[in-house]
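# Structural features, examined
Listed below are the residues making up each chain.
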Amino acid sequence: MSITYFEDKRVFSLDTAGTTYQMQIGKGDYLVHLYYGERLEGTAESVYTYNANIYCPEPMDLPPGTLSPNMLMLEYPASGTGDYRTPCIDVIFADGSRALDLRYSAHRIYSGKQPIEGMPSAFAGEKDIQVLEITLKDTVKDFYVTLVYSVSEDTDSITRSAYILNKEPEPVVLKSALSCCVDIYGGREYDLVRFMGRALMERELIRTPLTQGKLSSESVQGLSGHSSNPFIVMCGKNTDEKNGDCMGVMLIYSGNFTASAELEPHGNARVTAGIHPYGFSWRLDNGETFCTPEAVISYSSYGFTRLSDNFHRIIREHICRGSYSLKRRPVLLNSWEALIYDFDYDKLMSLADAASDCGIEMLVLDDGWFGKRNADDCSLGDWIPNEKKLGGTLANLAAGVNERGLKFGLWFEPEMISRDSDLYRAHPDWCLQCPGRTPAECRNQLVLDMSRPEVCEYLYNSISAVLSSANIEYVKWDMNRPLTDVYSAKLPPDRQGELYHRYVLGLYGLLDRLTSDFENVLFEGCASGGGRFDAGMLYYFPQIWCSDNSDAVDRLFIQYNTSFGYPMSAVSAHVSPAKSHQTERSMPLETRWITAMTGAFGYELNVTLLSPEERKEILRQTDFYREYADLFLKGRYFRLNDPNKNDVAAWEFISDNGETAFVGAVQRHFSPNNCPAVLRLSGLLSGACYDVSEAGRQILTGVTGDVLMKTGITVKYRREEYPATYFIITKEKSVNNE
Ligand code: GLA
């Protein structure tokens, strides 16, 4: 059993293969956090001390000196009754009062995880997952919070969400409703790792020691954003890839969020995550429930590699759904960096011909195929193929591509509207805009009000009409601007605070319908590159365009950092032109290939302009990829050399049975008189013997896994710009190997 209730001690223990999470119905029936860490035998309640500290208020129902809420480790802290740290919930009752005092009222344990209605969640519908529900009730009002924990033993993870129920006769207004809180003793010993950055340089890893006050990763842009990610890691000061403890918290959500760590004055830390309270309010009438997005929490006492591995498996196996979640994706060629808006039927067919010669399996037609769009200033919303430009129907175009042996895919940007569009002319009120104020444009576009059912219905009908009209096997779902003027013509003034979240719910509802109706279509997310790279989107799409920066050296950093929370199978990565559109840096084809290949792999350059040798080279690359695709899709991933600290960046994939490994290495910098870089491998079978080849040439035979892991392999410095290499490590077949 992964969930145990020790009745005598009133302790709940949530156990996975390697971890234990414990909480207790404590004094005064507060639900207090006891422990989260390496698997524990016994209960941690013996070390728990109650404090009533100086200047900290105490509840009146307990004898003086028993406890102060401000000193408790709480599972779901509320505001207004003496806990001054970040609350999970803040509510205004009909009488205007704003105090909440949540105490234990009931619990139940059962098997089988229910999906959260209308929102993405992990382990949805999985029968063997154990679930614990604990209901807390306010001491005065008829107001309840049910905390839901589900436990996944094999991925060492726990999910959390909260259902907030108002049974008061009058409505209440939620001003904040976070998904989870984990209070930690001794917070001064911790660092917080966040993934910040900016457009074209997303998810920069920032590690900061906790000092008194609050550090957070957050977005108020209406989407998870380029400059923050709903994934944070708390770790010990000395935690590195293989050693030390760390806890990751990831929200399965795509809108405004906050994920923070607060070090309170007495030295304990509070980690919280959920919908950002900025601009948020939610009215709950009598009998209504609000459900928070789900958070996934995982812990590792073996450093970041194990933690990442946990999240990779959760996302790959328990969040991504659909026919492609664990299936090899076709190698694609995207038309954007190849042709931008400048294409017609003949150009696309030439591209398809050349792609087919290169072993590429799908042609994706990016922006510019609909309405009268030949630049980014019009037609968003008019999802009608421009048959003049395409030389006929989409069905005809897709057939032409299919005849050349390729699948066909298409770009959409459904959540947006151009002022110069038939849709805007017909429904000017369908975009987000405040009364009497001209809404701000960004990339010449406005944002559709996804909270309105008629808007989602229009999008469902127009997108499904396009998808049904031709053999379209892939969709790139783009979203190219943050939200402003967040006001809906359809919501009453006192409910405008619901709009940010209702936008996300409208989007999720639409994605749910489209991805189930077109279940064989491969969907890819995008938001001006990696502006909405989160587990919420990965519930609908198994892969996301990781960044509009496809410069291979910059991608080393972006992909390295992204891999802390997300599996490479979710990281869409393309070989783009020799001279990068974004940085104007030139890089060898081999380097661009090695960097892109281990993600959701494709090309994004005009292959018709390549020499016959280069095309032959791409054919070799795509053949190689097909041979090892399963390893990249399902293998365990190790960050070998941090590009921030090493001239040679390197990473490794290894099959679950430890018999085959791939190592990619890129020299991102060279200086004279350098020594070779040494890469110590990971995950091999210590006693087994392996053969090692570098770029197709055998370089070692019969070396034990132990030697490869302890002494490593070397990458020679080359006096060239950005050379790359790769190694294949294969276990020898001999019977003496075991
Ligand atoms: C965004 C995407 C790009 C491309 C363009 C098309 O910038 O991130 O990949 O699709 O839109 O307009």
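As a reminder, the structure under discussion sits directly above these lines.
What this report covers is the structure whose coordinates are included nearby.

Summing up its helical and strand segments, the protein has 13 helices and 38 strands in all. Relative to its length of 738 residues, the protein is compact, with a C-alpha radius of gyration of 27 Å against a globular reference of 27 Å. Structurally, the protein occupies a C-alpha span of about 85 × 70 × 45 Å along its principal axes. Expressed as a percentage of its 738 residues, the buried residues of the protein come to 62%. Total accessible area on the protein is roughly 26600 Å²; 50% of this is exposed by carbon and sulfur atoms. Each charge class in the protein can be summarised by its mean position, and for the 72 positive and 98 negative side chains these summaries are 2 Å apart.

Another aspect to go through is the packing of helix 7 (residues 453–469) against helix 8 (residues 499–517). Where helix 7 contacts helix 8, the axes come no closer than 10 Å and their chain directions differ by 25°. The pairing of helix 7 with helix 8 is recorded here as roughly parallel in orientation. For the crossing formed where helix 7 meets helix 8, the hand is right-handed. Every residue of helix 8 that contacts helix 7 at Cys-456, Glu-457, Leu-459, Tyr-460, Ile-463 and Ser-464 is listed here: Gly-506, Leu-510, Arg-513, Leu-514 and Asp-517. For the contact of helix 7 with helix 8, the per-class residue count stands at six nonpolar, two polar and three charged.

Here the focus is the pattern of salt bridges. Applying the stated rule across the entire model yields 50 salt bridges. Salt-bridge contacts for Asp-285 lead to Arg-283; the nearest nitrogen and oxygen are separated by 3.1 Å. The exposure class assigned to Arg-283 is partly exposed, which follows from its relative accessible area of 24%. When the shortest N-O distance is used, the salt bridge between Arg-532 and Glu-415 registers 2.8 Å.

Before going further, it helps to examine the side chain of Glu-604. Positionally, Glu-604 belongs in the loop between strand 30 (600–603) and helix 12 (612–634). Look at Glu-604: it is buried, it has no salt bridge, and the nearest opposite charge is Lys-476 at 5.1 Å. At 3.4 Å, the side chain of Glu-604 forms a polar contact with the backbone nitrogen of Glu-337.

In this model, Phe-123 sits at a positive phi of 55°, which is unusual for a non-glycine residue. Structurally, Phe-123 is set in the loop between strand 6 (102–111) and strand 7 (130–138). Classification of Phe-123 as buried rests on a relative accessible area of 0%. Unlike most non-glycine residues, Asn-444 shows phi in positive territory, near 60°.

Attention now moves to the environment of Glu-694. As for its placement among the helices and strands, Glu-694 is situated in strand 35 (residues 689–694). Residue Glu-694 is classed as buried on the basis of its relative accessible area, which comes to 16%. For Glu-694 and Tyr-726, which are 32 residues apart along the polypeptide, the C-alpha to C-alpha distance reads 5.7 Å. Residue contacts for Glu-694: discarding those within four places in its chain leaves Ile-699, Thr-725, Tyr-726 and Phe-727.

Below, the discussion takes up the site of the ligand. Among the 14 residues in the neighbourhood of the ligand, the closest are listed as Asp-366, Asp-367, Arg-443, Lys-476 and Asp-548. Contacts to the ligand include Lys-476, whose side-chain N or O atom sits 2.8 Å from an oxygen atom. A distance of 3.3 Å separates an oxygen atom of the ligand from a polar atom in the side chain of Asn-480. Burial of the ligand by the protein amounts to 96% of the accessible area it has alone, namely 310 Å². The residue inventory of the shell around the ligand, partitioned by class, reads five nonpolar, three polar and six charged.

An order of 1-2-3-4 is seen for the four strands of this open sheet, with the pairing classed as antiparallel. The strands lining the two open edges of the sheet, one partner per strand, are strand 1 (3–6) and strand 4 (31–38). The average angle at which neighbouring strand axes cross in this sheet is 15°, direction not considered. Across four bridges, strand 1 lies against strand 2 (residues 11–15) in antiparallel orientation. From the neighbouring strand, Phe-6 faces strand 2, where its bridge partner is Val-11.

A cluster of acidic residues, Asp-128, Glu-153, Asp-154, Glu-317 and Asp-656, forms a negative patch at the surface. Along the chain, Glu-153 turns up in the loop between strand 8 (143–152) and strand 9 (157–166). For Glu-153, a relative accessible area of 40% puts it in the partly exposed group.

Let us look at the packing of aromatic side chains. What the rule picks out here adds up to 42 aromatic pairs. Centroid distance Tyr-36 to Tyr-299: 5.7 Å. Interplanar angle 55°. Geometry classified as tilted. Note that Tyr-36 is positioned in strand 4 and Tyr-299 in strand 20 (residues 294–300), a separation of 263 residues in sequence. Classification of Tyr-36 by relative accessible area gives buried; the value is 13%. Take Tyr-299: its relative accessible area is 8%, and that puts it in the buried class.

With that settled, the discussion passes to the sheet that holds strand 31 (residues 636–641). Backbone hydrogen bonds hold the strands of a sheet together, and the pairing may be parallel or antiparallel. Spatial ordering of the open sheet is given by 31-32-33-38-35-36, a layout of six strands whose pairing is antiparallel. Every interior strand has two partners, whereas the edge strands, strand 31 and strand 36 (697–704), have only one. In this sheet, neighbouring strand axes are inclined to one another by 20° on average, regardless of whether the strands run parallel or antiparallel. Across seven bridges, strand 32 (residues 648–654) lies against strand 33 (residues 660–667) in antiparallel orientation. Bridging across to strand 33, Ala-650 finds its partner in Ala-665. Relative to the sheet, helix 11 (residues 589–597) contacts strand 32, strand 33 and strand 38 (724–731), its axis offset from that of strand 38 by approximately 50°.

A word on helix 5 (residues 394–403). Every buried residue of helix 5 is accounted for by Leu-394, Leu-397, Ala-398, Gly-400 and Val-401. Along the axis of helix 5, the buried positions cluster into a sector of 155°, meaning they face one direction only. Turning to helix 5, the residues buried within the fold contact helix 3 (345–357), strand 22 (362–365), helix 4 (387–390), strand 23 (407–412) and helix 7. Trailing helix 5 by a residue or two, Gly-405 shows a phi angle of about 85°, which is positive.

Quick look at the nonpolar core now. Formed by 202 residues in total, the largest nonpolar core has its most connected members in Leu-174 and Trp-369. With nine residues, helix 8 is the single largest residue contributor to this core. Contact partners of Trp-369, with chain neighbours within four places excluded, come to Phe-343, Trp-383, Ile-384, Pro-385, Asn-386, Leu-390, Leu-394, Leu-410, Trp-411, Phe-412 and Val-466.

A few words on the packing of helix 11 against helix 12. Interhelical geometry of helix 11 versus helix 12 gives an angle of 20° and a closest axis separation of 11 Å. Classified by the angle their axes make, helix 11 and helix 12 are roughly parallel. Here helix 11 runs over helix 12; the crossing is right-handed. On helix 12, the residues that touch Leu-589, Glu-590, Trp-593 and Met-597 of helix 11 are Glu-614, Glu-617, Ile-618, Arg-620, Gln-621, Phe-624, Tyr-625 and Phe-632. Among the residues making up the contact of helix 11 with helix 12, the classes are represented as seven nonpolar, one polar and four charged.

Definitions and cut-offs
- Residues numbered from 1 in each chain as written.
- Predicted model: local features only at pLDDT ≥ 70, side-chain atom pairs only at ≥ 80, totals over all residues.
- Heavy atoms only, no water.
- Helix = DSSP H or I, 4+ residues; strand = E, 2+ residues; numbered from the N terminus.
- Rg over C-alpha atoms; globule rule 2.2 N^0.38 Å.
- Buried < 20%, exposed > 50% of the residue type's maximum accessible area, 1.4 Å probe, protein only.
- Areas by Shrake-Rupley, 256 points an atom, 1.4 Å probe, with all protein chains shown as cover.
- Lys, Arg positive; Asp, Glu negative; His and termini not counted.
- Charge placed at Lys NZ, Arg CZ, Asp CG, Glu CD.
- Axes fitted to C-alpha atoms, helices over the stretch in contact; angles between N-to-C directions.
- Parallel < 35°, antiparallel > 145°, perpendicular 65-115°, else oblique.
- Left-handed = near helix turned anticlockwise from the far one by under 90°.
- Contact = heavy atoms within 4.5 Å.
- Nonpolar A, V, L, I, M, F, W, Y, C, P; charged D, E, K, R; others polar.
- Salt bridge = Lys/Arg side-chain N within 4 Å of Asp/Glu carboxyl O.
- Polar contact = N/O pair within 3.5 Å; in protein donor to acceptor, adjacent residues only side chain to side chain.
- Near = heavy atom within 4 Å.
- Pairing = 2+ DSSP bridges.
- Patch = residues over 30% accessible without salt bridge, like charges linked within 9 Å, V, L, I, M, F, W, Y side chains within 5 Å.
- Phe/Tyr/Trp six-rings, centres within 6.5 Å; stacked < 30°, edge-to-face > 60°.
- Arc of directions from axis to C-beta.
- Core = buried A, V, L, I, M, F, W, Y, C linked by side-chain atoms within 4.5 Å.

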